[in-house]
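Summary of structural features
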Amino acid sequence: MSARSDADAAAAVAADLADTLLWLCSVPSPTGEEQELCCAVAERLGRARLAAPVRRHGDSLVVQVTQGTGGPKIALAGHLDVVRTSHDGPPRIEGDRLYGPGASDMKSGLALMLDLAEGEREAIAGVDLTLVFYAREEGPYLENELALVIEREPELRALDLAVCLEPSDNRLSLGASGSLHAGLTFRGRTAHSARPWQGENAIYKAGPLLVELAALAPREVEIDGFVYRAVTTATMAQGGRGRNVVPDEFTMNLNHRFSPGTSIPEAQRTIEALVDGRAEIVWRDLSPSALPHASHPLVVALREAGVAAVEPKQAWTDVARFAELGVPAVNFGPGENAQAHQRNEWSSLGKLSEGRAILRRWLSALGSA
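Bear in mind that the values here come from a model prediction, so they are computed numbers and not experimental data. (Residues numbered from 1 in each chain as written. Predicted model: local features only at pLDDT ≥ 70, side-chain atom pairs only at ≥ 80, totals over all residues. Heavy atoms only, no water.)

Details of the overall build of the protein
When helices and strands are counted, the protein shows 9 helices and 18 strands. By principal-axis analysis of the C-alpha atoms, the protein measures approximately 85 × 45 × 35 Å. Scored against the burial criterion, the 369 residues of the protein give a buried share of 49%. Expressed as a percentage of contacts within the protein between residues at least 6 apart in sequence, the contacts between residues at least 24 apart total 79%. Carbon and sulfur atoms make up 50% of the accessible area of the protein, which amounts to about 16400 Å² in all. Distance between charge centroids for the protein: 4 Å, based on 36 positive and 48 negative side chains. (Helix = DSSP H or I, 4+ residues; strand = E, 2+ residues; numbered from the N terminus. Buried < 20%, exposed > 50% of the residue type's maximum accessible area, 1.4 Å probe, protein only. Contact = heavy atoms within 4.5 Å. Areas by Shrake-Rupley, 256 points an atom, 1.4 Å probe, with all protein chains shown as cover. Lys, Arg positive; Asp, Glu negative; His and termini not counted. Charge placed at Lys NZ, Arg CZ, Asp CG, Glu CD.)

Written out as structure tokens, the structure is:
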């Protein structure tokens with residue numbers, strides 16, 4: 001093929017990717033309202049040449065692109081839902097940027113998944129490739145439909161590797177910090193604010209802990225050569241009955257992010273030691289951590305396929321849900337990490353094409369190994 005033909009083919013692929021991403025962004029799918037997009041993706045996949053019919057669970061889809069190859073069992077996973085954000089116009093392309101709800105987080109990743117299902121697949125025919133399009137990732141941990149999908153699709157427990165296409169600027173983002181939320185309640189006694197000595201101010205009782213939190217430095221943990229930071233942050237607070245009443249109750253939410261290798265019970269004990277009996281604790285949204293698996297052969301192969309960089313993931317993603325099953329998992333996606341949940345969110349079309357090339361180069365190398 002001539003250089004001109006190569007350039008024309010690359011331009012055609014890039015245009016198709018842009019059209020797919022624009023189409024995905026044009027179908028609204030805020031968390032809890034993924035049904036329309038799920039139906040649209042299912043209909044589109046119904047026209048593709050797949051190894052098995054598309055399977056639907058709730059508003060989530062499981063797609064077998066290739067099967068029975070004897071090669072590694074790989075799953076690519078992407079969430080259909082997006083965070084509600086403001087946009088000054090409809091989904092559109094301006095230069096290298098495609099603007100639209102969820103363009104980076106993570107419909108750019110979904111576009112690559114659709115490309116693998118619909119496009120040329122001779123080069124990737126040596127792997128068993130499964131695609132998982134799932135709902136409600138951006139909501140509470142227990143409402144995430146990936147749990148439902150895994151429950152109903154036992155073969156996902158036997159994967160050799162799962163890749164979550166979270167926005168990572170085409171970097172290989174390893175591991176995941178665990179996360180929990182602790183609701184703290186401080187108790188006091190009401191009184192008239194003109195005679196505060198007759199009561200016990202619940203807000204003041206929280207003061208020493210707030211001072212400690214403000215001075216609490218991140219705790220660094222090195223795993224596989226990567227540094228993860230355990231941090232604890234007060235994120236919400238509420239208290240008081242009226243402007244002239246000494247408050248008898250004050251509540252706050254602590255979000256504790258803990259490093260890979262730390263269990264949820266261990267993380268809870270850290271918060272209990274910090275609170276030291278000064279408040280009642282109610283646990284919410286307990287999400288596990290995940291190890292980086294930096295030396296896993298399939299992860300090494302992805303790293304060598306041309307990723308932009310390799311870094312630790314200082315946040316929670318669904319790689320942790322796979323980790324609970326004993327399935328190694330990593331984050332890799334073409335979306336702009338800094339654009340996630342932003343007003344007028346956009347994704348780079350150049351990085352979209354680069355991400356496609358990296359994924360296909362990796363899958364092709366696995367099939368020929």
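More follows now that the structure is in view.
Quick look at the side chain of Lys107
Looking at where Lys107 falls in the secondary structure, it is placed in helix α3 (residues 103-118). Despite its burial, Lys107 remains without a salt bridge, the nearest opposite charge being carried by Glu36 at 9.1 Å. Excluding its chain neighbours within four sequence positions, the residues that come into contact with Lys107 are Leu21, Leu24, Cys25, Val27, Ser29, Leu37, Leu80, Val82, Pro101 and Gly102. (Salt bridge = Lys/Arg side-chain N within 4 Å of Asp/Glu carboxyl O.)

With respect to the nonpolar core
Val41, Ile74, Leu76, Leu129, Leu131, Phe133 and Trp362 are the most contacted members of the largest nonpolar core, which has 55 residues in total. When neighbours within four sequence positions are excluded, Leu76 is seen to be in contact with Met113, Leu116, Leu129, Thr130, Leu131, Val132, Val163, Leu165 and Leu359. If you look at the next biggest cluster of nonpolar residues, it comprises 21 residues, including Ala77, Leu146, Val319 and Phe322. (Core = buried A, V, L, I, M, F, W, Y, C linked by side-chain atoms within 4.5 Å.)

Looking at the packing of α3 against helix α9 (residues 349-368)
At a closest axis distance of 10 Å, the pairing of α3 and α9 adopts a crossing angle of 45 degrees. Comparing their axes, α9 and α3 come out oblique. Crossing hand, α3 versus α9: right-handed. In contact with Ser108, Ala111, Leu112, Asp115 and Leu116 of α3, α9 contributes Leu352, Gly355, Arg356, Leu359, Arg360 and Leu363. Here the contact of α3 with α9 is composed, by residue class, of 6 nonpolar, 2 polar and 3 charged. (Axes fitted to C-alpha atoms, helices over the stretch in contact; angles between N-to-C directions. Parallel < 35°, antiparallel > 145°, perpendicular 65-115°, else oblique. Left-handed = near helix turned anticlockwise from the far one by under 90°. Nonpolar A, V, L, I, M, F, W, Y, C, P; charged D, E, K, R; others polar.)

Re the pairing of strand β11 (residues 219-223)
Within a regular beta strand, the side chains point alternately toward one face of the sheet and then the other, so they alternate between its two faces. Across 5 bridges, β11 lies against strand β12 (residues 226-239) in antiparallel orientation. Paired with Glu222 across the bridge in β12 is Val227. Counted along the chain from β11 to the antiparallel partner β12, the turn is 2 residues long, and its residue Asp224 has a positive phi close to 55 degrees. (Pairing = 2+ DSSP bridges.)

A short note on the packing of helix α2 (residues 35-45) against α3
The N-to-C vectors of α2 and α3 enclose an angle of 20 degrees; their axes lie 11 Å apart at closest approach. Between α2 and α3, the interaxial angle falls into the category roughly parallel. For the element pair α2 and α3, the recorded crossing hand is right-handed. Contact with α2, carried on its side by Leu37, Val41, Arg44 and Leu45, involves Lys107, Leu114, Ala117 and Glu118 of α3 and no other residues of that element. Class assignment for the residues of the contact of α2 with α3 results in 5 nonpolar, no polar and 3 charged.

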